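Chain residues, written in single-letter form:
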Amino acid sequence: MDLPKHAYFRGKIVPYSEARVGVATHALNYGTAVFGGLRGYWNEERGKLYLFRPYDHYRRLLHSARMMCMDIGRSEEDLIQITIDLLRVEGYQTDVYVRPLIYKAEEGIGVRLHGIKDDLTIFAVPFGSYVKNDTNAHVTISSWRRVDDNVIPARGKVSGAYANSALIKTDAVRAGFDEALVLDQNGHISEGSAMNVFMVRDGVLITPPVTDNILEGITRRSVIELARRELGLEVVERSIDRTEVFICDELFMTGTAAQIVAVTRVDHRPVGDGVMGPITTRLRELFGEVVRARNPKYADWNVEV
Ligand code: PMP
C-alpha cells in the first residue's frame with residue numbers, strides 16, 4: 001500500500017509521519033475503535049474527485065461510535081468537510097479509499113468503555129480493485145461463524161470484531177479461495193469477510209436482513225435501490241440457508257472496497273452456469289457509472305471534493 005502524505009490527527013491535518021500513537025493506547029490493546037471506509041472516485045472527463053455517499057458512511061460511523069460509548073462531538077457534515085480538506089491537501093487525481101477511525105485514545109491498562117477519551121483520525125490512500133477475481137470469484141463457506149450482535153455490535157464497524165473477518169479471510173485464501181461466506185450462530189449466511197451478499201433465485205434478488213448479524217452496508221443499500229429502480233427487480237430481505245447458494249442462479253458480494261464481486265463457484269460447485277450472470281453484469285455496469293458521477297439521476301450520492 002502507498003502511504004498517505006498527510007493525516008487528520010488530534011484536530012488538524014499533519015504530515016503522515018506525525019500521526020502516531022503510543023503503544024499503551026487503549027484501542028491498540030483492546031480493539032476499542034470504530035472505523036469507516038469510503039471511496040473517492042476520479043472522474044476523468046471532469047477532472048474531479050467524488051466521494052460516494054459520504055453522509056451515509058459517516059452516519060454509520062457515528063452510529064458505530066454510539067454503540068461503543070464514544071463521542072467526538074462532530075456531525076456527519078463536520079466529518080465530510082474534514083475529509084474534503086484532507087483530500088484537497090493530498091491532491092489525489094485517482095481513485096482513493098478514505099479510512100476514518102474513532103478510537104479510545106488514552107494510554108493505560110483497564111478494559112472498559114466509559115471514562116476514556118475518544119479521538120478521531122482520518123487518512124486516505126490511492127486505491128484500485130480489492131478482490132482480484134471480481135468477475136469469477138470462488139468462495140468457500142467459512143468454518144468460522146460471524147460475530148453475533150450479542151457478542152460485538154455486528155451492525156457497526158468495530159475494530160476488535162475484525163479479528164473475526166481476518167481469520168475468515170486468511171483461512172479462505174490459504175485454502176485457495178478468493179473469499180468466504182460466513183454463517184451466523186443460527187446457521188444462516190450472513191455475509192463475507194468484509195462484504196454483503198446477494199443471490200438471485202428465479203429472477204428475485206435476495207439478501208440477508210439487517211437482523212442476521214450483517215454490517216449494514218452502504219453498497220448493499222445502493223444495490224437494492226438500483227436493482228429496484230433501474231432493473232425493476234423484486235428485492236427481498238430474508239435469511240439465506242447454506243444450500244440455497246448451491247442452487248441459486250447468480251451470487252455476488254458487495255462492499256466499498258470490493259464494489260460488486262461476481263461469485264461463480266462455491267466450494268467447487270458452479271453457481272448457475274458457472275459464469276457471471278446477466279443481473280450481476282448489469283448491476284456492475286450501473287454501479288460503475290453511478291459511483292463515478294456519470295448518472296445524473298443519482299447525483300446526490302456523489303459529493304465533489
Ligand atoms: N460487511 C463487512 C463486515 C464489512 O467490513 C463491509 C465493508 N465496510 C461490508 C460488509 C460492506 O459495507 P459497505 O458497502 O458499506 O462498504
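Residues numbered from 1 in each chain as written. Predicted model: local features only at pLDDT ≥ 70, side-chain atom pairs only at ≥ 80, totals over all residues. Heavy atoms only, no water.

Asks: Go over the overall build of the protein with me, naming the residues and quoting the values.
Replies: A count of helical and extended segments in the protein gives 7 helices and 17 strands. Relative to the compact-globule value of 19 Å for 305 residues, the protein shows a C-alpha radius of gyration of 19 Å, a close match. Dimensions of the protein, computed from C-alpha atoms along their principal axes, come out at roughly 50 × 50 × 30 Å. Out of the 305 residues belonging to the protein, those deemed buried represent 54%. Accessible area of the protein: about 13,600 Å², with a carbon and sulfur share of 49%. With 38 positive and 41 negative side-chain charges, the protein shows a separation of 2 Å between the mean positions of the two kinds. (Helix = DSSP H or I, 4+ residues; strand = E, 2+ residues; numbered from the N terminus. Rg over C-alpha atoms; globule rule 2.2 N^0.38 Å. Buried < 20%, exposed > 50% of the residue type's maximum accessible area, 1.4 Å probe, protein only. Areas by Shrake-Rupley, 256 points an atom, 1.4 Å probe, with all protein chains shown as cover. Lys, Arg positive; Asp, Glu negative; His and termini not counted. Charge placed at Lys NZ, Arg CZ, Asp CG, Glu CD.)

Asks: If you had to explain the nonpolar core to someone new, which residues and values would you point to?
Replies: Ranked by size, the top nonpolar core spans 30 residues in total, and within it V34, Y58, L87, V98, I102, L120 and I122 carry the most contacts. Listing elements by their share of this core, those giving two or more residues are β4 (38–43), β5 (48–52), α2 (54–67), α3 (76–90), β6 (96–104) and β7 (118–126). Considering every element that reaches this core, the biggest residue donor is α3, with 6 residues. The residues that make up this core include at least three from each of domain 1 (6–126) and domain 2 (137–291). With 22 residues, the next largest nonpolar core counts C248, L251, M253 and V266 among its residues. (Core = buried A, V, L, I, M, F, W, Y, C linked by side-chain atoms within 4.5 Å. Domains from an automatic or database assignment.)

Asks: Requested: an account of the packing of aromatic side chains, with residues and values cited.
Replies: Taken as a whole and judged by the stated rule, the model has 6 aromatic pairs. Ring centres of F35 and Y162 lie 4.7 Å apart, and the angle between their planes is 65°; on these two criteria the pair is classed as edge-to-face. Taken as a pair, F35 in strand β3 (residues 33–35) and Y162 in helix α4 (residues 162–174) lie far apart in primary sequence, 127 residues in all. Judged by its relative accessible area of 9%, F35 falls in the buried class. Residue classification places Y162 among the partly exposed positions, given a relative accessible area of 23%. Look at F52 and W301: their rings are 5.8 Å apart centre to centre, the planes differ by 85°, and that puts the pair in the edge-to-face class. Here the residue F52 occupies a position in strand β5, and W301 occupies one in the loop between α7 (278–291) and β17 (302–304), the gap between them amounting to 249 residues. Of the two residues, F52 and W301, neither departs from the other in class, the shared state being buried. Through a chain of ring-to-ring contacts, three or more aromatic side chains come together here, namely F52, F287, Y298 and W301. In this structure, R20 packs its charged tip against the face of Y16, placed 5.4 Å from the ring centre. (Phe/Tyr/Trp six-rings, centres within 6.5 Å; stacked < 30°, edge-to-face > 60°. Lys NZ or Arg CZ within 6 Å of the ring centre and 35° of its normal.)

Asks: Describe in detail the site of the ligand, supporting the description with residues and values.
Replies: The local shell around the ligand holds 17 residues, among which R60, K157, Y162, T219 and T256 are the closest. R60 places a side-chain nitrogen or oxygen 2.7 Å from an oxygen atom of the ligand. Between the ligand and K157 there is a distance of 2.7 Å, counted from a nitrogen atom to a side-chain nitrogen or oxygen. Calculation on the ligand without its partners gives an accessible area of 390 Å², and the protein chains cover 97% of this total. Judged by the fraction of its atoms near the pocket grid, the ligand is located in the largest pocket. (Near = heavy atom within 4 Å. Polar contact = N/O pair within 3.5 Å; in protein donor to acceptor, adjacent residues only side chain to side chain. 1 Å grid on protein atoms, 1.4 Å probe; cavity = no way out; pocket = protein on both sides within 12 Å on 5 of 7 lines; lining within 4 Å. Sits in = over half its atoms within 2 Å of the grid points.)

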